[in-house]
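Spelled out from the first residue to the last, the chains are:
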Amino acid sequence: MRDPSEIFDRLRTAEESNPLPEVKTRISWLERLRSAVLSRRADIRTAVWEDFRKSPVEADLTESIPVLLELKTALGNLASWTAPKRLRSTFPLWGLSSRLQHNPKGVVLILSPWNYPVNLSLGPLVSALAAGNRVIVKPSERVPHSSRLIANLIGDALPEDVATVVEGGVEVGAELLNLPFDHFYFTGGAAVGKEIMHAAARHLSSVTLELGGKSPAVVDGSVDLDQCAEKIVRGKFMNGGQTCIAPDYVVVHDKLYDDFVKAILTHAVRIEARAEMSALIDDRHEARLEAMLADAVKEGAILHHSDLHRSGLTIATGVPLTCKLMQEEIFGPILPVLRYRSEEELIGIVRTNPSPLTMYVFSNDDRLVNRLAAKLKTGSICINETLLHFVHPHLPFGGVGQSGSGRSHGRAGFETFSNSVPIMRQNARRGIIPLVYPPKGRFGDWARELLFRILGRW
Ligand code: NAD
């Protein structure tokens, strides 16, 4: 492996020689990336299949297509995103004109996880390139085929002084954290997220943390149970439940509970018969999930339709909030279904694991949705659907508190990788300052007093 600091120095030199790449240069980078993704879509399917048996359908839907969508949005909007934004002037600052200019952050690091390896490496890369940065991408070592593919794809599509992949494990990641990147963009678990924040603090650099958490799905009495059960099962089934925004657990109104559990089981059986579920990433992950299930059963939970080895969903009922299944992000094909009798109880359950990445609400009662949105802290809210908000090109994506900080996708992603520089110009010959600033005099006193009066009224 080449020395990460040498790669960093090469990118820094390139950045210093051309700190603000033209829009047409960025467009050519993005177009080359788009051609590379399109021409390698079969290789993408093979790599994720080799890594954890992700089906070709899911490879297209959750790896290649979201990246192409991100590219389409960036290519279609880059001219307007990069155009300096004029800002209004206001009393008492008449005579000044101001604008915001989006400059690249410089040299940035993207550290990606194993669960959507292509999507979560190339998606942020699109935003970083659109903003004009030089980039190092480090994919996860737990998906070696995907990591190799990403290295080859980026190596063939982009000049080495624009973007380079550094492959390797935790030690390589730690080495990269010692380099003075202008922005650290991390997708992964909360424990490593804290180390990334420490590293960014050492360099006083900005940081984006895309973490996980326990995203609840709330089901009230006003929805079509069957449709809602199907959407929740699909959302959980995708990628074998190994999705940061998978519905982690469901909280259902007491009066629907028994019917809902039946509907969930029916759809679990139906979808398993029709689609192939991704495997668990490795034995360590499987052992962790087995231990969580054993702990839940010991605490009184009942498992339905359970067999992790068969690659199906396990539904768990009667799960106490005190067991591991309700205290850690599950990140696998296990779905606890809890009941609530009152809104207060529902809010208490969700608050047990604060600040999820997403809250799903299945309800046609807008007042309930608005109350939950006001009372519960969450990265995003998705109503009567699962997962789709992630691919909406104009919706910013990201967490809050434990589930992360910063925003990605579309314009929000472009802004994450940009410094928005305020630029102000004085157009009047003298402006207001000489009127209110010393030398002392009665006119200055009077003018300042007038200013207080006017500002006090507005
Ligand atoms: P992880 O935190 O173990 O690893 C992520 C990346 O960080 C990998 O490239 C890894 O090599 C690197 N890394 C690990 N330790 C490091 C260290 N000490 N120093 C530097 N780099 C280090 O995460 P994972 O297991 O690959 O992913 C699963 C987690 O990611 C879950 O919690 C999931 O919810 C979260 N996730 C979040 C999103 C999102 O968009 N918010 C998306 C996918 C996954």
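Within any chain, residue numbers begin from 1 and follow the written order of that chain's sequence. Note on the predicted model: pLDDT of at least 70 is required for a residue's local features to be given, and 80 or more for side-chain atom pairs to be given and counted; whole-chain, interface and lining totals, by contrast, use all residues. Excluded from the side-chain calculations are hydrogens and water; all other atoms, namely the structure's heavy atoms, are used.

Caption draft 1: Up close: the overall build of the protein. By the criteria applied, helices consist of DSSP H or I runs no shorter than four residues and strands consist of E runs no shorter than two, each listed in order from the N terminus. A count of helical and extended segments in the protein gives 16 helices and 16 strands. Dimensions along the principal axes, computed over C-alpha positions, put the protein at roughly 85 × 55 × 35 Å. Using a 1.4 Å probe on the protein chains alone, a residue whose accessible area is under 20% of its type maximum counts as buried, one over 50% counts as exposed, and one in between counts as partly exposed. Expressed as a percentage of the 458 residues in the protein, the buried residues total 52%. If you take every contact in the protein between residues at least 6 apart in sequence, the share linking residues at least 24 apart comes to 73%. Using the Shrake-Rupley algorithm and a 1.4 Å probe, accessible areas are obtained, with residue cover drawn only from the displayed protein chains. Carbon and sulfur atoms provide 55% of the accessible area of the protein, an area that totals close to 21,200 Å². Counted as positive: Lys and Arg. Counted as negative: Asp and Glu. His and the chain ends are not counted at all. For charged residues, the charge sits on one atom: NZ in Lys, CZ in Arg, CG in Asp, CD in Glu. Where the 54 positive side-chain charges of the protein centre and where its 52 negative ones centre are 11 Å apart. In what follows, residue pairs with any heavy atoms lying within 4.5 Å of each other are defined as contacts.

Caption draft 2: Representation of the sheet that holds strand S4 (residues 134–138) in the model. Here a strand pair is declared whenever DSSP counts at least two bridges between the two strands. With mixed pairing, 6 strands are arranged side by side in an open sheet as S5-S4-S3-S6-S7-S15. Lying at the two open borders of the sheet, with one neighbouring strand each, are strand S5 (163–165) and strand S15 (404–405). As defined by bridge partners, strand S6 (residues 183–187) adjoins strand S7 (residues 206–210) across 5 bridges and the pair is classed as parallel. Paired with Tyr-185 across the bridge in S7 is Thr-208. On top of the sheet, helix H8 (residues 190–203) reaches strand S3 (107–111), S6 and S7; it is set at about 175° to S7, its chief contact. Axis lines are fitted to C-alpha atoms, over the contacting stretch for helices. Their N-to-C directions set the angle, which ranges from 0 to 180 degrees.

Caption draft 3: Highlighting the layout of surface pockets. Its boundaries defined by the atoms lining it, the largest pocket holds a volume of some 1,400 Å³. Buried and open spaces are told apart on a 1 Å grid over the protein atoms alone, a cavity being a set of points where a 1.4 Å probe fits but cannot get out and a pocket being an open set with protein on both sides within 12 Å along at least five of seven lines. Residues with an atom within 4 Å of a point are the lining residues. Phe-186, Gly-188, Gly-189, Ala-190 and Val-192 are, among the 47 residues lining the largest pocket, the residues nearest its centre. Elements with a contribution of two residues or more to the lining of the largest pocket: helix H7 (170–177), S6, H8 and helix H11 (283–298). The greatest single-element share of the lining of the largest pocket, amounting to 8 residues, is contributed by H8. For the lining of the largest pocket, the per-class residue count stands at 18 nonpolar, 17 polar and 12 charged. Estimates place the volume of the second largest pocket at around 760 Å³. Every element with two or more residues in the lining of the second largest pocket is listed here: helix H4 (56–82), helix H5 (119–130), helix H9 (225–237) and helix H10 (257–274). Gly is put with the polar residues, along with every residue not named as nonpolar or charged; the nonpolar set is Ala, Val, Leu, Ile, Met, Phe, Trp, Tyr, Cys and Pro, and the charged set is Asp, Glu, Lys and Arg. Among the residues forming the lining of the second largest pocket, the class breakdown is 17 nonpolar, 7 polar and 8 charged. Grid points are joined across faces, edges and corners, and a volume is the space filled by probe spheres set on the points.

Caption draft 4: How the structure looks around empty space enclosed by the protein. Going through the model one piece at a time under the given rule, you end up with 2 cavities of 30 Å³ or more. For the largest cavity, the calculated volume is near 230 Å³. Along the wall of the largest cavity there are 25 residues; nearest its centre are Glu-70, Asn-119, Gly-123, Phe-390 and His-409. Mapped onto the lining of the largest cavity, the elements with two or more residues apiece are H4, H5 and S6. Of the residues that constitute the lining of the largest cavity, the class distribution is 14 nonpolar, 9 polar and 2 charged. Considering the residues around the second largest cavity, the lining is formed by Gly-213, Ser-215, Lys-236, Gly-241, Thr-243, Cys-244, Ala-246, Asp-248, Glu-329, Phe-331 and Gly-332. By residue class, the composition of the lining of the second largest cavity is 3 nonpolar, 5 polar and 3 charged.

Caption draft 5: Seen up close, H8. With 14 residues, H8 extends 20 Å between its outermost C-alpha atoms, agreeing within 8% with the 20 Å of an ideal straight helix rising 1.5 Å per residue. Residues of H8 that are buried sit in contact with S3, H7, S6 and S7. In the segment just after H8, Leu-204 is the residue with positive phi, at about 50°. Given a helix with a known number of residues, its expected span is that number minus one, times 1.5 Å.

Caption draft 6: The arrangement of the nonpolar core in detail. Buried Ala, Val, Leu, Ile, Met, Phe, Trp, Tyr and Cys residues form a nonpolar core when they are joined through side-chain atoms within 4.5 Å. Counting residues in each nonpolar core, the largest one holds 38 residues, and the members touching the most others are Leu-30, Leu-122, Leu-125, Leu-129, Val-135, Ile-154 and Leu-158. Going through the elements one at a time, helix H2 (23–39), helix H3 (41–52), H4, S3, H5, S4, helix H6 (144–157) and S5 are the ones with two or more residues in this core. Within the second largest apolar cluster, 36 residues are counted, among which are Val-252, Ala-263, Cys-382 and Phe-390.

Caption draft 7: How the structure looks around the sheet that holds strand S2 (residues 96–104). A sheet is described by the order of its strands in space; here 3 strands give the open sequence S1-S2-S16, paired in antiparallel fashion. Whereas interior strands pair on both sides, the edge strands pair on one side only; in this sheet they are strand S1 (85–87) and strand S16 (418–426). Between one strand axis and the next, the sheet turns through 25° on average, direction left out of account.

Caption draft 8: Summary view of the site of the ligand. Note on definitions. A residue lies near a molecule or strand when any single heavy atom of the residue is within 4 Å of it. For the ligand, the set of nearby residues contains 28 residues, the closest of which are Ser-112, Glu-141, Gly-189, Leu-211 and Glu-329. Residues adjacent in sequence count toward polar contacts only when both atoms are side-chain atoms; beyond that, a polar contact is any pair of N or O atoms within 3.5 Å, and within protein one must be able to donate a hydrogen and the other to accept it. A distance of 2.6 Å separates an oxygen atom of the ligand from a polar atom in the side chain of Glu-141. About the coverage of the ligand: the protein hides 90% of its 850 Å² of free accessible area. Whether a molecule lies in a cavity or pocket depends on its atoms, and more than half of them have to be within 2 Å of the grid points. The cavity where the ligand resides is the largest pocket. Breaking the shell around the ligand down by element, the ones donating at least two residues are H7, S6 and H8. Ranked by the residues each element gives to the shell around the ligand, the list is headed by H7, at 4 residues. Looking at side-chain class alone, the shell around the ligand contains 14 nonpolar, 8 polar and 6 charged residues.

Caption draft 9: Structural context of unusual backbone geometry. If you check the backbone angles, Leu-204 has positive phi at about 50° while not being a glycine. Here Leu-204 shows up in the loop between H8 and S7. Take Leu-204: its relative accessible area is 79%, and that puts it in the exposed class. Phi at Asn-384 is positive, roughly 60°, even though this residue is not glycine.

Caption draft 10: Main features of the side chain of Thr-62. The residue Thr-62 is located in helix H4 in this model. The buried category is assigned to Thr-62, whose relative accessible area is 8%. In this structure the side chain of Thr-62 is engaged in a polar contact, spanning 3.0 Å, whose partner is the side chain of Lys-54. Ignoring anything within four residues of it in the chain, the contact list for Thr-62 reads Lys-54, Tyr-116, Asn-119 and Met-238.

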